[in-house]
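Structural description and commentary
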Amino acid sequence: MELRKSSKKQAKIKLALQGCAGSGKTYSALLLAFGLCNDWSKIAVIDSENGSADLYAHLGQYNVLPLQDNFTPETYVEAIKVCEDAGMEVIIIDSISQCWDNLLEYHANLPGNSFTNWQKITPRMNQFMQTILQSGSHIICTMRCKQDYVLSEKNGKMVPEKVGLKAVMRDGVDYEFTIVLDINMKHQALASKDRTSLFIGKPEFVITPETGKAILDWCNDGVGVDAIKQRIQQVKTIEELTAIYQQYPEWYQQLSTDFSQRKAQLQTPQRDSQPISYTPNFVQYGSNAVAARQGS
């Protein structure tokens, strides 16, 4: 284990929107996505909500990948890779709640000990979440919330109001995301988790493309891969190269070729640094010099 200096890196946002049915999760996700890339053709929606993504086709020519009632974690992972291979800058997964429901149903039908059977569920869910977190694209996930009704006073009368309680997903899943926004039935968002400090402690707001642009600015405010590649080429010693290598462990895979090539260059002696072997050949001119040579 070694200590290293902290540094802000450029990142791809991993964001979750959670709310009741009808709160506007899909629509809000599309507006966020457009703010992140400003190009509808670079947005893909992995649709497990029975074609709900197509309802907003008037917004722009984004891409849709329907899952066709197959909601296993492996299907979601495959769908994400299809979007990545197609060069999508933003991937919307609408929603990931069906994946959890699928695993719960699978667990309920397993024979034997219920507690032990979770060992067959957890690794599959972990692989799904790691695929999201390690993706080179911005990813926005929507999550359904269990709903209930509470009585609220309006104009002197008690009126029932639909509210969301808990996301239909594995406990603690919000820890995996950089931002989690709760959307109410008035289509207003409130941050329940925010590592960017853009929204935490702020009043409720309506999501627009400007929201996505603000998140993009935060993502780009840091050290990028290109800047690190430049630093790698500028180092003069193996020790300096090792320090950079240890500072960015999350980019080992992307930078492994650059590190290896620079290490080989530093370990290979440069021709210019080799001492020049030069033996002088003195020549004497004139009659005295000739006589001297003859006398010798």
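Values in this document were obtained by computation on a predicted structure and should not be read as measured data.

**Some words on the pairing of strand S2 (residues 43-47)**
Where burial is concerned, most of S2 is hidden: five out of the five residues are buried. Judged by which residues are buried, S2 turns out to be covered on both faces: Ile43, Val45 and Asp47 on one side and Ala44 and Ile46 on the other are all buried. Note: S2 against strand S4 (residues 90-94), five bridges, orientation parallel. Along S4, the bridge assignment pairs alanine 44 with isoleucine 91. One ladder, built from four bridges, connects S2 with strand S3 (residues 63-66); its direction is parallel.

**Looking at the side chain of threonine 75**
With respect to the secondary-structure elements, threonine 75 resides in helix H2 (residues 73-85). Look at threonine 75 and you get buried, because its relative accessible area is 15%. The contacts of threonine 75, once residues within four sequence positions are left out, are Leu67 and Asn70.

**Focus: helix H6 (residues 209-220)**
In this model, H6 (twelve residues) spans 17 Å end to end at C-alpha, consistent with the 16 Å of a helix rising 1.5 Å per residue. Every buried residue of H6 is listed here: Thr211, Gly212, Ile215 and Cys219. Buried residues of H6 fall within an arc of 95° about the axis and therefore sit on the same side. Away from the buried face of H6 by more than 90 degrees, exposed residues Glu210 and Asp217 are located.

**Regarding helix H8 (residues 238-247)**
Those residues of H8 not exposed but buried are Leu241, Ile244 and Gln247. Buried positions in H8, seen along its axis, are confined to an arc of 125° and lie on one side of it.

**Quick notes on the pattern of salt bridges**
Across all of its chains, the model carries three salt bridges by this definition. As a salt-bridge pair, glutamate 74 and arginine 124 come within 2.9 Å of each other at their nearest N and O atoms. Highlighted residues: glutamate 74 in helix H2 and arginine 124 in helix H5 (residues 122-133), separated in sequence by 50 residues. The residue glutamate 210 makes a salt bridge to lysine 213 at a minimum N-O spacing of 3.3 Å. Taken together, the residues span about one helical turn, with glutamate 210 and lysine 213 both in helix H6 at a distance of three residues.

Cut-off values and rules
Residues numbered from 1 in each chain as written. Predicted model: local features only at pLDDT ≥ 70, side-chain atom pairs only at ≥ 80, totals over all residues. Heavy atoms only, no water. Buried < 20%, exposed > 50% of the residue type's maximum accessible area, 1.4 Å probe, protein only. Helix = DSSP H or I, 4+ residues; strand = E, 2+ residues; numbered from the N terminus. Pairing = 2+ DSSP bridges. Contact = heavy atoms within 4.5 Å. Expected span 1.5 Å × (residues − 1). Arc of directions from axis to C-beta. Salt bridge = Lys/Arg side-chain N within 4 Å of Asp/Glu carboxyl O.

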